[in-house]
Amino acid sequence: MTLDAVLFFVFGGIAVAAAVALILLRHPIHSALALIVVMAALAVLYLLQGAEFVAAVQIIVYAGAIMVLFVFVIMLLNAAREERTNLSRAARYLGVPVAVLLTAELAYLVWHASSANPSQAAGRTDVTRPLALMLFRDFVFPFELTSIVILIAILGALVLARKEP
Amino acid sequence: MPASWYLALSAILFGLGVVGFVFKRNIITIFMSIELMLNAVNLALVAFSRQLGELQGQVFVFFVIVVAAAEAAVGLAIILLIARNRQSLNVEDVDLLKL
Amino acid sequence: MTANAVFSWLVVALAKSAVLLLVTLTVVAYLSWFERKLVAHIQSRLGPYRVGPHGLLQPLADGIKFLFKEDPTPAGVDRFVYFAAPFVSLGLAMSAIAVIPFGPPDAQIEVFGHRTGLAVANLNIGLPFLFAITALGVYGIALAGWASNNKYALMGGLRSAAQMVSYELALTLSVVGVLLQAGSFNLNEIVASQDGRWLGFVPRWFFFPQVVGFFCFFTAAIAETNRSPFDLPEAESELVAGFHTEYASFKFAMFFIAEYTSMVIVSCLATLLFFGGWQSPFPEGRWFAWTAYLPNLALLGGGVLLLLDGLRYHRRGKRIALALLGVILLGAAWLCLAPETNRILQGPFWFLAKLFFFLFVYVWIRGTLPRFRYDQLMSFGWKVLLPLSLANALGTSLLVVLRQP
């Protein structure tokens, strides 16, 4: 058991456990906290694969800004606990097993397909510089487009959430 | 760790996101399941980027994160409006086009 | 890596972390004493001075009080979040200390038979790691405010969180100028790129070309750590006590320690990024490296002052305590004359000296400036600080591009 494998199973297990908690917990704030744990575990998995800058961006932007937005909205809207209702019989006896089967099948197919080419490129030590060069040279047009997308999103959110004077 | 393990984990997380999307009744929790699905896709992209030795997978992850941010902002604004209009965050109360 | 190598690396890292943790907790405790004394003297009064000589045992008394005070849990709180929020704040603040380099990478010390540098971890993404910790720190406060089942705490928590998120942008952007000039995210490399001197005696610190960046960074950092003059969300005269209204003894102590630790982290960042980190501001002496003995001189001066001051006391206990402290400092000054110890002492001494200077500025600003109103605070962050940091980033990138051959 190499260190990589141990860390993968530990943090992959944490991610799956938190995702299951996201579904099973009833208060939206607890689900939000579970999602933050998933994102943090995924950031560690990115670090394991050598994508260090993406891991940092995931924590700073995704877990540190987008989820803060979610948490704010949940707090402002005073979201309450969901009531515990039992699943309908169709859901319980048909839906859940089919969902589990489908997920397992998807995972198996994906695993089988990519085991066919097991090539694993060696990790670089400094990923930020080539990443930045690629982002600002080959992909500069989509980059500028995303800044416009963000501007439109800001305007949209402002207009939608404005209180009528 | 071969990339297939990471892809299997990504598939499991994606499946859990779909389950959350279908079974939960609070709008915000449904939205969070969508974010979980996007995260699973990001993991798959990084795994492929590592397997092929190219950096384009990581660049695409940036764009996914940015688009998720924009979508979260607008989506939460819409959720705020729905909450103001229907006084409820239950999806089952938002099933008529008429107010 | 073999299991043996991993194990020894882990043990060394744990030992260094334990030492750093203890040192940080002590620094934070005495920072609270320093703040009370300094603010008191600014306000023409004395501050704590009965508990131990010059009030030096006041932090200990406060710690004992926090441990033994009753810890009530209000009714109707969300138990898990209420208990977790202070731990989140404290854990995040403490884990940020792991990436700070206290000395040059070639000053190695022996820990359990292994030679290691003076930082727990040398991350290639050291700077984004610190910003990630700052970004996650918002949660401790927002969740604490919400979990308290109290309108004022919720308002205070949300306001604090909104303030932190707004100033985080200016904080991150103001550092871009430094990164453009240093060319790396690694904190060791950023400090190393501030090597050398202009005109033989002015050190090449990033403060000199990046003055605007430094002031933006420091202002944003004060707002980010919720300190005066940006502390409206937790001010006592305003929203009761803001997000930590419903938190009693030990959990309040955790928030308190977390706030002071973030102050320390931000001051460490300021010294690393703008003031040359562990490099000495004095040039090497021409015939004899006399600047290497400045730490000894400082310890000597401190020891003599404490000794003379202690002898002025009339009470026996305090007189002995202070005199003993003075003698210990003199002994340290003597011990550090040995060349090996002196060499290792240089980096951390200058780092700590600059760190204490920034902490002094923090407390000085708290004692001097009046508080911002919340809308003034938000408009300052978005309309003044953010455009200024952006302009600094643009100007620096323009200069870097024009200077390229």
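Residues numbered from 1 in each chain as written. Chains lettered and ligands numbered in written order. Predicted model: local features only at pLDDT ≥ 70, side-chain atom pairs only at ≥ 80, totals over all residues.

### Some words on the overall build of chain A
Which entries qualify depends on this criterion: The way it works is that DSSP assigns letters per residue, a run of H or I at least four long becomes a helix, a run of E at least two long becomes a strand, and they are numbered from the N terminus. Partly exposed residues are those whose C-beta has more than 12 but fewer than 20 other C-beta atoms within 10 Å; 20 or more makes a residue buried and 12 or fewer makes it exposed, with C-beta atoms placed from the backbone. Distance between backbone-placed C-beta atoms decides contact: two residues are in contact if it is within 7 Å.
Across its full length, chain A carries six helices and zero strands. Beginning at the N terminus, the succession of helices and strands in chain A can be written as α-α-α-α-α-α. Taking all 165 residues of chain A together, 32% fall into the buried category. For chain A, restricting intrachain contacts to residue pairs at least 6 apart in sequence, the fraction spanning at least 24 positions comes to 56%.

### Focus: the overall build of chain C
In plain terms, the rule: Put simply, the radius of gyration uses C-alpha atoms, and a globule should come to 2.2 Å times the residue count raised to 0.38.
Of the regular secondary structure elements, chain C holds 13 helices and four strands. Taken over the C-alpha trace, chain C has a radius of gyration of 22 Å; the compact-globule value for 405 residues is 22 Å, and the two agree within 12%. Projecting the C-alpha coordinates of chain C onto the three principal axes gives extents of approximately 70 × 70 × 55 Å.

### Regarding the interface of chain A and chain B
Across the contact, 63 residues belong to chain A and 57 residues belong to chain B. Elements with a minimum of two residues in the side of chain A that touches chain B: helix H1 (3-24), helix H2 (28-48), helix H3 (52-76), helix H4 (89-115), helix H5 (128-137) and helix H6 (140-161) of chain A.

### Comments concerning the domain arrangement of chain A
Inclusion rule: Segmentation of the chain into domains, including their bounds, is taken from an automatic or database domain assignment.
By domain assignment, chain A separates into domain 1 (1-83) and domain 2 (126-165). Spacing between the C-alpha centres of domain 1 of chain A and domain 2 of chain A amounts to 23 Å.

### Considering the environment of Leu45(B)
Residue and element names in this part refer to chain B. Mapping Leu 45 onto the fold places it in helix H2 (residues 27-52). Put simply, Leu 45 and Thr 29 are 16 residues apart on the chain and 24 Å apart in space, counted from C-alpha to C-alpha. Once you skip the residues sitting within four places of it in the chain, Leu 45 turns out to touch Gly 57, Phe 60 and Val 61.

### Comments concerning helix H8 (residues 211-224) of chain C
Residues and elements named next belong to chain C. Applied cut-off: Given the number of residues in a helix, its expected span is that number minus one, multiplied by 1.5 Å.
The end-to-end C-alpha separation of H8 is 20 Å, in line with the 20 Å expected for 14 residues at 1.5 Å each. Across the 14 residues of H8, 11 count as buried, placing the element largely inside the fold. Residues of H8 that are buried include every one of Gly 213, Phe 214, Cys 216, Phe 217, Phe 218, Thr 219, Ala 220, Ala 221, Ile 222, Ala 223 and Glu 224, and no others.

### Brief notes about the arrangement of the chains
Interchain contacts are distributed over two pairs of chains, and the most extensive set of them lies between chains A and B. The closest approach of any C-alpha atom in chain B to one in chain C is 14 Å; the two make no contact.

### Observations regarding the packing of helix H5 (residues 151-174) of chain C against H8(C)
All names here are of chain C. Convention followed: For helices, the fitted line uses only the C-alpha atoms of the stretch in contact; every axis is such a line through C-alpha atoms, and the angle between N-to-C directions lies from 0 to 180 degrees. Angular relationships are summarised with four words: roughly parallel below 35 degrees, roughly antiparallel beyond 145, roughly perpendicular across 65 to 115, and oblique for the angles in between. By definition, any crossing whose near helix is turned counterclockwise from its far helix by less than a right angle is left-handed, and any crossing with a clockwise turn is right-handed. In this count, Pro and Cys sit with the nonpolar residues alongside Ala, Val, Leu, Ile, Met, Phe, Trp and Tyr, while Asp, Glu, Lys and Arg are called charged and the others, Gly among them, polar.
Relative orientation of the contacting elements H5 and H8 amounts to 155 degrees, with a least axis distance of 8 Å. Between H5 and H8, the crossing angle belongs to the class labelled roughly antiparallel. For the crossing formed where H5 meets H8, the hand is left-handed. Contacts from Gln 163, Met 164, Tyr 167, Glu 168, Ala 170, Leu 171 and Ser 174 of H5 reach H8 at Gly 213, Cys 216, Phe 217, Ala 220, Ala 221, Ala 223 and Glu 224. Among the residues making up the contact of H5 with H8, the classes are represented as nine nonpolar, three polar and two charged.

### Side note on unusual backbone geometry
One non-glycine residue, Gln87(B), adopts positive backbone phi at about 55 degrees. You can see Gln87(B) is positioned in the segment after helix H3 (56-86). Even without glycine at this site, Asn149(C) takes up a positive phi of about 60 degrees.

### Focus on the interface of chain C and chain A
Of the residues lining the interface, 19 residues belong to chain C; the matching set on chain A comes to 16 residues. Elements represented by at least two residues in the side of chain C that touches chain A include exactly helix H4 (126-147) and H5 of chain C. Among the elements that make up the side of chain C that touches chain A, the one with the highest residue count is H4(C) (nine residues). Grouping the amino acids of the side of chain C that touches chain A by side-chain chemistry returns 18 nonpolar, one polar and no charged.

### Quick word on the packing of H8(C) against helix H13 (residues 374-403) of chain C
Residues and elements named next belong to chain C. Axis separation between H8 and H13 bottoms out at 9 Å; the angle between their running directions is 145 degrees. Between H8 and H13 lies a crossing of left-handed hand. Note on element contacts: H13 touches H8 through Gly 381, Leu 385, Leu 388, Ser 389 and Asn 392, opposite Val 212, Gly 213, Cys 216, Thr 219, Ala 220 and Ala 223. When grouped by side-chain class, the residues that make up the contact of H8 with H13 number six nonpolar, five polar and no charged.

### As for the confidence of the model for chain A
Put simply, the test is: Each residue carries a pLDDT score, the predictor's own confidence in it, on a scale running from 0 to 100.
Mean pLDDT over chain A stands at 86; residues scoring 70 or higher make up 87%. Element-level mean pLDDT values for chain A span from 78 in H4(A) up to 95 in H2(A).

### Some remarks on the confidence of the model for chain C
It should be kept in mind that the predicted coordinates are not to be read in detail where pLDDT is low. Mean pLDDT over chain C stands at 87; residues scoring 70 or higher make up 97%. Predicted complex metrics record ipTM = 0.93 and pTM = 0.91.

### Points about the environment of Met134(A)
One can find Met134(A) in helix H5. Separated by 22 residues in sequence, Met134(A) and His112(A) place their C-alpha atoms 31 Å apart. Beyond its immediate chain neighbours, meaning those up to four positions away, Met134(A) contacts Phe139(A), Leu55(B) and Val59(B).

### Some thoughts on the environment of Ala332(C)
All names here are of chain C. Counting through the fold element by element, Ala 332 comes out in helix H11 (residues 316-335). Judged by the 17 C-beta atoms lying within 10 Å of it, Ala 332 falls in the partly exposed class. When the C-alpha atoms of Ala 332 and Ala 75 are compared, they prove to be 53 Å apart, with 257 residues separating the residues in sequence.

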